[in-house]
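# Commentary on secondary and tertiary structure
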Amino acid sequence: NSNGQLLVKNGFDWMASTNPEVQNFMTSLVTEVIDNYDVDGIQGDDRLPAMPTEGGYDSVTVAIYKSEHGGANPPNHAQNTEWVRWRANKLNDYFRRLRDSVKVRGDYLIVSSAPSIYPWGYDNYLQDSKTWVDSGIVDNFIPQLYRYDLAGYTSLLNTSLSYVPQSKRDIFFAGILIKSGTYFIPMDYFLGSITANRNKGVKGETFFFYEGLKGEGGIR
């Protein structure tokens, strides 16, 4: 971060996602799986590609920024509009390269993403998911519409759909929270969220996570 300390946020220690060495490492993990296992594709989430906006002050990222800005240092204010945009663009560029690394191994392989909701994910984790959809980086787009009541869910669904052009609606699938800790989604909310999706033309959803579909307190 700007104080030169390891970036810790939301219980995670973060690598510098703008660092090419980190990017190459993540790509190597992804391609190792594809090359060695029979998989249908890959999926990033609210952690890939992503980096808290407090990050990017590591020596490598700073050196790249300076090389592109006449030797000037990045702004000290982590939320500086241009600084946020520059780092988000670096993650966009990386996601394109990651997609290329996947697709060269088989165009049938799916590149899917389940990011934080936009624009919150952009403002807080540099996740420019609108660009990922608009520019065709992702084959499936599954925003995390995680709310604990139907009214909140429906509002978030409508907002998220407003950022997706009609020509891209077929790749939009809703991410629904069905279990978190001791929380299990109530049945009326579960059914209502699916109804809300269909009423908006959303043809499918992804549930987080599978244990919410079984066991004590789960959906039966």
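These numbers come from a predicted model, not from an experiment.

## Overview of the environment of Thr18
Relative to the helices and strands, Thr18 resides in the loop between β2 (12-13) and α1 (20-36). Judged by its relative accessible area of 4%, Thr18 falls in the buried class. When the C-alpha positions of Thr18 and Val8 are compared, they lie 16 Å apart, and in sequence the two are ten residues distant. Thr18 has contacts with Gln23, Met51, Gly56, Asp58, Thr61, Ile64, Arg87, Lys90 and Leu91, leaving out every residue within four places of it along the chain. Here Thr61 takes part through its side chain, which lies 2.6 Å from a polar atom of the side chain of Thr18.

## Observations concerning unusual backbone geometry
With an omega of -15°, the peptide bond running from Leu48 to Pro49 counts as cis. Turning to its location among the elements, Pro49 is positioned in the loop between β3 (41-44) and α2 (59-68). Across the junction of Tyr118 and Pro119, the peptide omega takes the value 5°, indicating a cis bond. Tracing the sequence through the fold places Pro119 in the loop between β4 (110-113) and α4 (120-125). The phi dihedral of Asn10 falls on the positive side, at around 55°, and the residue is not glycine. Along the chain, Asn10 falls in the loop between β1 (8-9) and β2.

## Focus: the pairing of β4
Here β3 pairs with β4 via four bridges, running parallel. Note on β4: the bridge partner recorded for Gln43 is Ser112.

## What about the environment of Phe208?
Here Phe208 lies in strand β9 (residues 205-208). As for Phe208 and Ala151, which are separated by 57 residues in sequence, their C-alpha atoms are 19 Å apart. Setting aside residues no more than four positions away along its own chain, Phe208 makes contact with Tyr146, Ile176, Leu177, Ile178 and Lys179.

## Details of the packing of α2 against helix α3 (residues 81-103)
Where α2 meets α3, the axes come as close as 12 Å, and the angle between the chain directions of the two elements is 110°. By the angle between their directions, the pair α2 and α3 is classed as roughly perpendicular. Across from Thr61, Ile64, Tyr65 and Glu68 in α2, the residues of α3 making contact are Glu82, Trp83, Trp86 and Lys90. Tallied by class, the residues present in the contact of α2 with α3 amount to four nonpolar, one polar and three charged.

## Digging into the nonpolar core
Val138, Leu145, Leu157 and Phe172 are the most contacted members of the largest nonpolar core, which totals 35 residues. Every element with two or more residues in this core is listed here: α1, α3, α5 (129-134), α6 (150-162), β6 (174-177) and α7 (187-199). Among residues more than four places away in sequence, those in contact with Phe172 are Phe141, Pro143, Leu145, Leu157, Ser160, Leu161, Val164 and Val202. Membership of the second largest hydrophobic core comes to ten residues, among which are Ala50, Met51, Val84 and Leu126.

Conventions adopted
- Residues numbered from 1 in each chain as written.
- Predicted model: local features only at pLDDT ≥ 70, side-chain atom pairs only at ≥ 80, totals over all residues.
- Heavy atoms only, no water.
- Helix = DSSP H or I, 4+ residues; strand = E, 2+ residues; numbered from the N terminus.
- Buried < 20%, exposed > 50% of the residue type's maximum accessible area, 1.4 Å probe, protein only.
- Contact = heavy atoms within 4.5 Å.
- Polar contact = N/O pair within 3.5 Å; in protein donor to acceptor, adjacent residues only side chain to side chain.
- Pairing = 2+ DSSP bridges.
- Axes fitted to C-alpha atoms, helices over the stretch in contact; angles between N-to-C directions.
- Parallel < 35°, antiparallel > 145°, perpendicular 65-115°, else oblique.
- Nonpolar A, V, L, I, M, F, W, Y, C, P; charged D, E, K, R; others polar.
- Core = buried A, V, L, I, M, F, W, Y, C linked by side-chain atoms within 4.5 Å.

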